[in-house]
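# Summary of the model geometry
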Amino acid sequence: MRNPFFYVLLLVLVVLDGWLLAHPNLIGQAGVFFFEYSAIETFPKALGTVSLVVVVASVITWLVGRLSQPLAIGITIALLAASVYYLFQSFSQYNTGIYKLTGAGFRAGAILLPGLVALVFGKGIWDVISKKRS
């Protein structure tokens, strides 16, 4: 935990994302009800869901960082590439079709979640590359 600013920023973004996901407009609320997205029905559930995703990504990054440096770099780059791909897919999906009607805040929250995962994996690759070999 060398840089507490990163974790404070991550905490603020997790809370913001949970709030955004829990507050869609009327059409978004109907979609959440119809498709039974129970994980984001209320703010505590959405906050728990976002927190769980970020914690799992952080634990994966920590476990991968304990491997040998070349292997850790390869795995972390693959995870970062997958999360950036997921971010692009989410951006494309939530800015077209019926999702376009769910409200700007909800769409921003849906796009921010894979962005947070990419941020965690990006920090992980930075930590692995900058780690001093002993």
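Residues numbered from 1 in each chain as written. Predicted model: local features only at pLDDT ≥ 70, side-chain atom pairs only at ≥ 80, totals over all residues. Heavy atoms only, no water.

### A few points about the UniProt feature "transmembrane region" (unreviewed entry) in the chain
For clarity, the cut-off: UniProt positions are given in the numbering used here, feature names are shortened, and annotations may be inferred rather than shown by experiment. Starting at the N terminus, helices and strands are each numbered in turn, a helix being any DSSP run of H or I of at least four residues and a strand any DSSP run of E of at least two.
Per the UniProt annotation, the sites labelled "transmembrane region" (unreviewed entry) are residues 46–64, 71–88 and 108–126. Note that residues 71–88 is 100% helix and 0% strand, and that its end C-alpha atoms are spaced 26 Å apart. Helix and strand shares over residues 108–126 are 100% and 0% respectively, and the end C-alpha atoms of the span are 26 Å apart.

### A short note on the packing of helix α4 (residues 69–94) against helix α5 (residues 104–130)
Selection criterion: Structural elements are reduced to axes, namely lines fitted to C-alpha atoms, with helices fitted over the stretch in contact, and the angle between N-to-C directions of any two is expressed from 0 to 180 degrees. The cut-offs work like this: below 35 degrees is roughly parallel, past 145 is roughly antiparallel, 65 to 115 is roughly perpendicular, and the gaps in between are oblique. Crossings are classed by handedness, with left-handed meaning an anticlockwise turn of the near helix from the far one by less than a right angle and right-handed meaning a clockwise turn. Classification convention: Asp, Glu, Lys, Arg as charged; Ala, Val, Leu, Ile, Met, Phe, Trp, Tyr, Cys, Pro as nonpolar; all other residues, Gly among them, as polar.
Running from amino to carboxyl end, α4 crosses α5 at an angle of 165°, the nearest separation of the two axes being 9 Å. Between α4 and α5, the interaxial angle falls into the category roughly antiparallel. Where α4 crosses over α5, the two elements pack in a sense that is left-handed. Considered class by class, the residues forming the contact of α4 with α5 number 20 nonpolar, seven polar and one charged.

### A closer look at the pattern of salt bridges
To keep it simple, the criterion reads: Take a side-chain nitrogen of Lys or Arg and a carboxyl oxygen of Asp or Glu: if they are within 4 Å of each other, that pair is a salt bridge. Each residue is placed in one exposure class: buried if its accessible area under a 1.4 Å probe, protein chains only, is under 20% of its type's maximum, exposed if it is over 50%, and partly exposed if it falls in between.
According to the stated counting rule, one finds one salt bridge in the structure shown. Here Lys-123 makes a salt bridge to Asp-127, at a shortest N to O gap of 3.0 Å. Placement of the pair is Lys-123 and Asp-127 together in helix α5, with a separation of four residues, close to one helical turn. Overall, Asp-127 belongs to the partly exposed group, its relative accessible area being 22%.

### Observations regarding the layout of surface pockets
Short version of the rule: With a 1 Å grid spanning the protein atoms alone, the term cavity applies to any set of points in which a 1.4 Å probe fits but cannot get out, the term pocket to an open set with protein on both sides within 12 Å along at least five of seven lines, and the term lining residue to any residue with an atom within 4 Å of a point. Grid points are joined across faces, edges and corners, and a volume is the space filled by probe spheres set on the points.
In this structure, the second largest pocket occupies an estimated 290 Å³ of space. Along the wall of the second largest pocket there are 16 residues; nearest its centre are Leu-21, Ile-40, Tyr-94, Ala-110 and Leu-113. Of all the secondary-structure elements, those providing two or more residues to the lining of the second largest pocket are α4 and α5. When residues of the lining of the second largest pocket are assigned to their parent elements, the largest contribution, five residues, is made by α5.

### What to know about a nonpolar patch on the surface
Applicable threshold: Residues enter a patch when their relative accessible area is above 30% and they make no salt bridge; the linking distance is 9 Å between like charges and 5 Å between nonpolar side chains (Val, Leu, Ile, Met, Phe, Trp, Tyr). Residue-level accessible areas treat just the shown protein chains as cover; the underlying method is Shrake-Rupley with a 1.4 Å probe.
A cluster of nonpolar side chains, contributed by Val-55, Val-59, Trp-62 and Leu-63, occupies part of the molecular surface with about 400 Å² of accessible area. Relative to the assigned elements, Val-59 resides in helix α3 (residues 43–65). Overall, the relative accessible area of 41% leaves Val-59 in the partly exposed class.

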